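Each chain, written out:
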Amino acid sequence: MHLAYVTTADRGATDRLLSAVAERLLAKGARLAGVVQTNTECADSSKCDMDLRVLPDGETIRISQSLGSQSRGCRLDPAALEQAVGYVTASLADRPQLLVVNKFGKHEADGRGFRPVIGEALALDIPVLVGVNGLNRDKFVDFTDGAAQSLEPDLDAIEAWFDSVANLRPAAE
């Protein structure tokens, strides 16, 4: 099993890092599945719009919803997230070299979202790279039974991890 995660402290930094990782790996011909997130600041709010790009070259899905300026609730659109989950689940049949999941968030901590996809990929011997924030780290460690490898939040370190696990796996049929 090859499961790694990365955590950063700055807002949006994990999203930017995983997007850069995906771009670098795709540029060198890696077969990827999963999602990376782009955040777009909203001029009229302290919140941002959140979009998931389905890898390798799928559609972009807005997973945030506007709840109004006074809203304090979660802005995640669960239906849009599940749409992305469906696309990624289907893409595992193509036997990618790596599954990238932008975030092990509240939905995943509660057993939903990309959590089942992570388990399915690991059962298929597909390496998985996940972004994990501090709020959900303990639940992620519980979910993985401590088997996930923490990686430095560095593009070169993540690429080196990918190269090492890609070399351990048999070539795709």
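See the structure shown above.
The shown structure was predicted, so the numbers you read here are calculated from the model rather than taken from an experiment.

Quick notes on the environment of V54
Alright, step 1. Within the secondary structure, V54 sits in strand 3 (residues 48-55).
Alright, step 2. The class for V54 is buried, based on a relative accessible area of 6%.
Alright, step 3. The contact partners of V54, leaving out residues within four places of it in the chain, are G34, V35, E59, I61, Y87 and V88.

Some points on the nonpolar core
Alright, step 1. By size, the foremost hydrophobic cluster in this structure holds 30 residues, and its most contacted members are L3, L99, F114, I118, V128, V130 and F140.
Alright, step 2. For this core, the secondary structure elements donating two or more residues are strand 1 (3-6), strand 2 (32-41), strand 3, helix 2 (78-91), strand 5 (98-104), helix 4 (115-123) and strand 6 (128-132).

Here's the deal with helix 1 (residues 13-27)
Alright, step 1. Along its 15 residues, helix 1 runs 21 Å from first to last C-alpha, staying within 8% of the 21 Å computed at 1.5 Å per residue.
Alright, step 2. What helix 1 keeps buried is the set A13, T14, D15, L17, L18, S19, V21, A22 and L25.
Alright, step 3. Positive backbone phi, at 90°, marks G29, one or two positions downstream of helix 1.

Describing the pairing of strand 5
Alright, step 1. Of all 7 residues that make up strand 5, 6 are buried, and the element is covered over most of its length.
Alright, step 2. As paired elements, strand 5 and strand 6 share 4 bridges and run parallel to each other. Each bridged residue has a counterpart across the sheet, and for L99 the counterpart in strand 6 is V128.

Digging into the side chain of E108
Alright, step 1. Tracing the backbone shows E108 in helix 3 (residues 106-109).
Alright, step 2. In this structure, E108 is buried with no salt-bridge partner, the nearest side chain bearing the opposite charge being K103 at 7.8 Å.
Alright, step 3. Residue contacts for E108: discarding those within four places in its chain leaves L81, K103, G113, F114 and R115.

A short note on the environment of A13
Alright, step 1. In this structure, A13 sits in helix 1.
Alright, step 2. Given the relative accessible area of 16%, A13 is considered buried.
Alright, step 3. Separated by 140 residues in sequence, A13 and P153 have C-alpha atoms that sit 9.1 Å apart.

Describing the pattern of salt bridges
Alright, step 1. Counted according to the given criterion, the structure contains 8 salt bridges.
Alright, step 2. A salt bridge links R24 to D156; the nearest nitrogen and oxygen atoms lie 2.6 Å apart. Taken as a pair, R24 in helix 1 and D156 in helix 6 (residues 155-168) lie far apart in primary sequence, 132 residues in all.
Alright, step 3. With relative accessibility at 48%, the residue D156 sits in the partly exposed group.
Alright, step 4. Note that D110 is salt-bridged to R112, the shortest N-O span being 3.9 Å.

Brief notes about the pairing of strand 6
Alright, step 1. Across the 5 residues that make up strand 6, a large majority, 5, are buried.
Alright, step 2. Of the two faces of strand 6, the one carrying V128, V130 and V132 and the one carrying L129 and G131 are both buried.
Alright, step 3. Examined bridge by bridge, strand 1 and strand 6 share 4 bridges and lie parallel to one another. Directly across from L3, in strand 6, lies its bridge partner V128.

Details of the environment of R53
Alright, step 1. Residue position: R53 is located in strand 3.
Alright, step 2. Given the relative accessible area of 22%, R53 is considered partly exposed.
Alright, step 3. Sequence separation of R53 and V36 is 17 residues, and the distance between their C-alpha atoms is 5.4 Å.
Alright, step 4. Leaving out residues up to four positions away in the same chain, R53 has contacts with E23, G34, V35, V36, G58, E59 and T60.
Alright, step 5. A polar atom in the side chain of R53 sits 2.3 Å from the side chain of E23.

Parameters and conventions
Residues numbered from 1 in each chain as written. Predicted model: local features only at pLDDT ≥ 70, side-chain atom pairs only at ≥ 80, totals over all residues. Heavy atoms only, no water. Helix = DSSP H or I, 4+ residues; strand = E, 2+ residues; numbered from the N terminus. Buried < 20%, exposed > 50% of the residue type's maximum accessible area, 1.4 Å probe, protein only. Contact = heavy atoms within 4.5 Å. Core = buried A, V, L, I, M, F, W, Y, C linked by side-chain atoms within 4.5 Å. Expected span 1.5 Å × (residues − 1). Pairing = 2+ DSSP bridges. Lys, Arg positive; Asp, Glu negative; His and termini not counted. Salt bridge = Lys/Arg side-chain N within 4 Å of Asp/Glu carboxyl O. Polar contact = N/O pair within 3.5 Å; in protein donor to acceptor, adjacent residues only side chain to side chain.

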